[in-house]
Amino acid sequence: MPPTPARRPRLRRTTRLAARTSADPGASSARPPETPPASDERPGALDWARRIALFTVVVAAVVAVVGLWYTSVQARDDRALAKEGQITDRYTAAVGNLGEDTMDVRLGGIYALQRITQDSRRDQPTIANVLATYIRTHAAKSPRRARPSRPTSMPLSPSSTTATQPGTTPSS
């Protein structure tokens, strides 16, 4: 006796379903059939597991953003500290050059101090005091010479001189 259509084996139903989906190329055979939502569940509502997962992701994102901001602030502070350390090293070397015996090295120290005054406004009064003291102490040590017959234009400080490149004007 042949089986009734209601009692057909499960294998036959999947075979029939596969035959039906292979005939329709737009249908996806990997998707299970949709089950209607339970009576106590609204369509589109999140269950507790999904809410906890979403909350965890949001908290992790906030922690990551705060961590990036803190790292950025620390890096900025580290760069400022390194810049101040570099200026201090340059200042120490320039003042050390002022005490050398040769005129070229002393002049290099003066120009190094000029460059530091351009780079660090905070150190300008200190450098001005160092240069004024240097001029006072070394002017007293130098022997007095007779005045030259013609006037010479010597700058009192290196900041009053402007180095110009060929083809440029001093105001640029």
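So, here's what we can say about the structure.

**Description of helix H2 (residues 48-98)**
Residues spaced three or four apart along an α-helix face the same direction, because each turn holds 3.6 residues.
And then number 1: In a regular helix each residue adds 1.5 Å, so 51 residues correspond to 75 Å; H2 covers 75 Å between its end C-alpha atoms and thus fits that length.
And then number 2: Regarding H2, the residues found buried are Ile87, Ala94 and Leu98.

**Notes on the pattern of salt bridges**
And then number 1: All told, the structure shown has three salt bridges when counted by the stated rule.
And then number 2: Arginine 122 serves as the salt-bridge partner of glutamate 84, at 3.5 Å between the closest nitrogen and oxygen. One end of the pair, glutamate 84, is in helix H2; the other, arginine 122, is in the loop between helix H3 (103-119) and helix H4 (124-141), with 38 residues separating them in the sequence.
And then number 3: Looking at glutamate 84, the relative accessible area reads 29%, which means it is partly exposed.
And then number 4: Note on arginine 122: relative accessible area 63%, which makes it exposed.
And then number 5: The closest approach of N and O atoms between aspartate 119 and arginine 90, which form a salt bridge, is 2.9 Å. Of this pair, aspartate 119 sits in helix H3 while arginine 90 sits in helix H2; the two residues are 29 residues apart in sequence, bridging distant segments of the chain.
And then number 6: Residue classification places aspartate 119 among the partly exposed positions, given a relative accessible area of 32%.

**A short note on the packing of aromatic side chains**
And then number 1: Here the structure, examined in full by the defined rule, presents zero aromatic pairs.
And then number 2: Of note, arginine 51 hangs over the ring of tryptophan 48, and the distance from its end group to the ring centre comes to 5.1 Å.

**Observations regarding the nonpolar core**
And then number 1: Of all hydrophobic cores here, the largest spans nine residues; its members are Ile87, Ala94, Leu98, Ile110, Leu113, Ile116, Ile127, Leu131 and Tyr134.
And then number 2: Mapped by element, the contributors of at least two residues to this core are H2, H3 and H4.

Conventions and cut-offs
- Residues numbered from 1 in each chain as written.
- Predicted model: local features only at pLDDT ≥ 70, side-chain atom pairs only at ≥ 80, totals over all residues.
- Heavy atoms only, no water.
- Helix = DSSP H or I, 4+ residues; strand = E, 2+ residues; numbered from the N terminus.
- Expected span 1.5 Å × (residues − 1).
- Buried < 20%, exposed > 50% of the residue type's maximum accessible area, 1.4 Å probe, protein only.
- Salt bridge = Lys/Arg side-chain N within 4 Å of Asp/Glu carboxyl O.
- Phe/Tyr/Trp six-rings, centres within 6.5 Å; stacked < 30°, edge-to-face > 60°.
- Lys NZ or Arg CZ within 6 Å of the ring centre and 35° of its normal.
- Core = buried A, V, L, I, M, F, W, Y, C linked by side-chain atoms within 4.5 Å.

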